[in-house]
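Close look at the chain arrangement
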Amino acid sequence: MPAPGRQELEEEPVAVEVRLPTVLRAAAGGKAVVEVEGATVGEVLQQLASTFPGLAGQVLTADGGLHRFVNVYLNDDDVRYLEQLDTKVNDGDTLSILPAVAGG
């Protein structure tokens, strides 16, 4: 909690490299890697969906949550075991999006 009379500083957006699997690249103009800014994983994904609307329903649910069948890794850590969409990102971090694969 900030001291009386002081405002709590909001996190500044930073540049994050987002790696997209082949199945999502068509919705991102064929790009395998894009740079997106945000202060948290959720902000990065929202900005990604805003920049490439075709990715929105494939990565995030209608209410802005992480789609159930998508795994997101910040560097090498699954965000579901961190602070999920509230996980803070640092300049130069890498976010990897991996849709779950089913079948047999």
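Reading guide: rules and limits
Residues numbered from 1 in each chain as written. Predicted model: local features only at pLDDT ≥ 70, side-chain atom pairs only at ≥ 80, totals over all residues. Heavy atoms only, no water. Buried < 20%, exposed > 50% of the residue type's maximum accessible area, 1.4 Å probe, protein only. Helix = DSSP H or I, 4+ residues; strand = E, 2+ residues; numbered from the N terminus. Arc of directions from axis to C-beta. Contact = heavy atoms within 4.5 Å. Lys, Arg positive; Asp, Glu negative; His and termini not counted. Salt bridge = Lys/Arg side-chain N within 4 Å of Asp/Glu carboxyl O. Polar contact = N/O pair within 3.5 Å; in protein donor to acceptor, adjacent residues only side chain to side chain. Pairing = 2+ DSSP bridges. Axes fitted to C-alpha atoms, helices over the stretch in contact; angles between N-to-C directions.

Under an unreviewed UniProt entry, the name given to the protein chain is Ubiquitin-like small modifier protein 1, and the source organism is Aciditerrimonas ferrireducens.

1. A word on helix α2 (residues 41-51)
Among the residues making up α2, those that are buried are Val41, Gly42, Val44, Leu45, Leu48 and Ala49. Within α2, the buried residues cover an arc of 160 degrees as seen down the axis, which keeps them to one side. Buried residues along α2 sit against β1 (14-19), β2 (33-38), α3 (56-59), β3 (70-74) and β5 (94-99).

2. Focus: the side chain of Asp93
Relative to the elements of secondary structure, Asp93 occurs in the loop between β4 (77-78) and β5. There is no salt bridge for the buried Asp93, and the closest opposite charge comes from Arg19, which lies 11 Å off by N-O distance. In terms of polar contacts, Asp93 uses its side chain to reach the backbone amide nitrogen of Asn90, at 2.7 Å. Those residues in contact with Asp93 that lie beyond four places of it in its chain are Ala15, Val16, Glu17, Leu74 and Asn75.

3. Focus on the sheet that holds β1
Strand order in the open sheet made by the five strands is β2-β1-β5-β3-β4, with mixed pairing throughout. Edge positions in the sheet fall to β2 and β4, since each has one partner strand and no second. Lying over the sheet, α2 contacts β1, β2, β3 and β5, oriented at roughly 120 degrees with respect to β2.

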